[in-house]
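# Coordinate analysis (summary)
Residues per chain are reported as follows:
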Amino acid sequence: KNEDLASLAAQQYYVEFGSDLNTGRINSLLPQLIPDSCLAGSGMKEKWFNMIVKAYKEAPYVCNHIDRSRVKEGLVMFAKYKWPLLFSKFFEAYKFSGPTLPQNDVIIAVNWTGVYFVDDQEHVLLESSFPEIMSVTSSRTANGQSFTLVTARGHEYTFTSVNGEEICTLVNYFLDGLRKRSKFVIATMDYQSPGEGSQFLSFKRGDLITLDTEDGEDVMHSGWCSGSCERTRQTGDFPAECVYVLPTLTKPPHEVLALFANQMNESVERIIATTQSALEEDDDEDTTVPHTLKDYSIDFFRVPKARTLGSMRRG
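The sections below set out a description of the structure shown in this document. Position labels on residues start from 1 in each chain and follow its written sequence. Predicted model: local features are reported for residues with pLDDT of at least 70 only, side-chain atom pairs are reported and counted for 80 or more only, and whole-chain, interface and lining totals are derived from all residues. For side-chain calculations, the full set of non-hydrogen atoms in the structure is used, while hydrogens and water are omitted.

### Quick look at the overall build of the protein
Secondary structure elements are defined from DSSP: runs of H or I of at least 4 residues count as helices, runs of E of at least 2 residues count as strands, and each element is numbered from the N terminus. What the protein contains, in helices and strands, is 12 helices and 12 strands. When accessible area is computed with a 1.4 Å probe and restricted to protein chains, residues below 20% of their type maximum are described as buried, those above 50% as exposed, and intermediate ones as partly exposed. Burial status across the protein gives 38% buried among its 315 residues. Note on contacts: a residue pair is in contact if any heavy atoms of the two residues lie within 4.5 Å. Pairs at least 24 apart in sequence give 55% of the contacts found in the protein among residues at least 6 apart.

Here you go:
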């Protein structure tokens, strides 16, 4: 929207020049603040100049003399949420197998919202938010590195890339962190409380449950959790083995939740089971016997000579 762009231009001006409103300076900076395509046409420069000046004069950060560093921080955060693709790490890859994309040579962009597959013109060919990603694995062959991404839609993509292992590590870093901090789980099976009026929560497969005091890390380490079922508005305790932790910090959109609903196919169920097992294996405690001071002394100190009663007296 034009108003948003004018507001961003006003913020940029404030970050650089503070409360010194110089109309001549704004006019000379228009090509740097506004895209050329927006300035083309009769009277467009004057229109954008007036919009920026208006946005600047009405801005609360100007009226309240907000520190310019705080305004800059807000400007970056706005851009981060509005254009996440600009805050990505990019990798070149080639689609080896999987559902058809408009082209096989792609650029993979990984950022805080998910994984994007774009062409060299930055047109998005495929987008997978983190809640939609079930697993990412990498492998190394004689021909190089590859990684496989499986989605909640049951789609499985394999890409070859010289950065295959790095991509896998980065995506799993996001997934693991989001799961640990998540407050949202989805039921993978029906669960009926033992009796009416009990403190246990009943739900059906595909129901979204919001955790009360726990987070995803607690779910992965404990046998029982407490939460509220969105469908029934009921609250209670339930077995952790009946739910899958969604890797997200915000409530997933309806279209994402629908992927896990009752029409959930066998491939998705298998992926969830595999993911849960992998998480449990990662969290298993080390069962090896700890190294003690006694062991250390045996390894690094000489055994003392035997002391007899006679030697003690001579000492």
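### Quick look at the packing of aromatic side chains
Any Phe, Tyr or Trp ring, taking Trp's six-membered ring, that has another such ring centre within 6.5 Å forms a pair; planes under 30 degrees apart are called stacked, those over 60 apart edge-to-face, and the others tilted. Per the stated rule, a full pass over the model turns up 15 aromatic pairs. Judged by centre distance (6.1 Å) and plane angle (75°), the rings of Tyr173 and Phe174 are edge-to-face. Of the residues examined, Tyr173 reaches a relative accessible area of 61% and is grouped as exposed. Members of the aromatic cluster, joined through ring pairs, are Tyr13, Tyr14, Phe17, Tyr56 and Tyr61. Note on geometry: a ring has a charge over it if NZ (lysine) or CZ (arginine) is within 6 Å of the ring centre and within 35 degrees of the ring normal. Here the basic side chain of Lys80 rests over the ring of Trp112, its NZ or CZ set 5.3 Å away from the ring centre.

### Some details on the environment of Glu73
Tracing the backbone through its elements, the reader meets Glu73 in helix H6 (residues 68-82). For Glu73, a relative accessible area of 53% corresponds to the exposed category. With 58 residues separating them along the chain, Glu73 and Val15 place their C-alpha atoms 9.8 Å apart.

### Quick word on the sheet that holds strand S8 (residues 184-187)
Reading across the sheet, the 5 strands line up as S11-S10-S9-S8-S12 and stay open at both edges, with antiparallel pairing between neighbours. A single partner strand is all that each edge strand has here, and the edge strands are strand S11 (235-239) and strand S12 (243-245). Each strand of the sheet is rotated relative to its neighbour by a mean of 45°, with strand direction disregarded. Between any two strands, at least two bridges found by DSSP are needed for them to pair. Both S8 and strand S9 (residues 208-211) contribute to a ladder of 3 bridges, which runs antiparallel. When the sheet's bridge partners are listed, Phe184 is paired in S9 with Thr210. Angular values range over 0 to 180 degrees, each being the angle between N-to-C directions of two axes fitted as lines to C-alpha atoms, with helices fitted over their stretch in contact.

### Looking at unusual backbone geometry
For His65, which is not glycine, the phi dihedral falls at a positive 55°. Relative to the helices and strands, His65 resides in the loop between helix H5 (60-63) and H6. Although it is not a glycine, Arg233 adopts a positive phi angle of roughly 65°. Here Arg233 shows up in the loop between strand S10 (224-229) and S11. Judged by relative accessible area, which is 66%, Arg233 ranks as exposed.

### Things to note about the environment of Phe17
By the secondary structure assignment, Phe17 is in helix H1 (residues 2-17). Accessibility expressed as a relative area gives 28% for Phe17, which makes it partly exposed. Sequence separation between Phe17 and Arg68 is 51 residues; the distance between their C-alpha atoms is 8.9 Å. Contact partners of Phe17, with chain neighbours within four places excluded, come to Arg25, Leu29 and Arg68.

### Observations concerning the side chain of Thr158
Relative to the assigned elements, Thr158 resides in strand S7 (residues 156-160). Counting of polar contacts relies on pairs of N or O atoms within 3.5 Å, with two restrictions inside protein: one atom must be capable of donating a hydrogen and the other of accepting it, and residues adjacent in sequence are counted only when both atoms are side-chain atoms. Within polar-contact distance, the side chain of Thr158 engages the side chain of Thr148 at 3.0 Å. What Thr158 contacts, discounting residues up to four positions off in sequence, is Tyr94, Lys95, Phe96, Ser97, Ser146, Phe147 and Thr148.

### Description of a nonpolar patch on the surface
Grouping into patches uses exposed residues only, defined as over 30% relative accessible area, and leaves out salt-bridged ones; the cut-off is 9 Å for like charges and 5 Å for nonpolar side chains (Val, Leu, Ile, Met, Phe, Trp, Tyr). Throughout, the Shrake-Rupley method with a 1.4 Å probe supplies accessible areas, and for residues the shown protein chains are the sole cover considered. Here a salt bridge means any side-chain nitrogen of Lys or Arg lying within 4 Å of a carboxyl oxygen belonging to Asp or Glu. The grouping of Val76, Phe78, Trp83, Leu86 and Phe87 at the surface amounts to a nonpolar patch, some 470 Å² of accessible area in total. Structurally, Leu86 can be placed in the loop between H6 and strand S1 (89-97). Residue classification places Leu86 among the exposed residues on the basis of a relative accessible area of 59%.

### So, the pairing of strand S4 (residues 124-129)
Bridge count between strand S3 (residues 114-118) and S4: 5 bridges; the pairing is antiparallel. Paired with Val118 across the bridge in S4 is Val124. In sequence, S3 turns back onto S4 through a hairpin of 5 residues, with Glu122 there showing a positive phi of about 65°.

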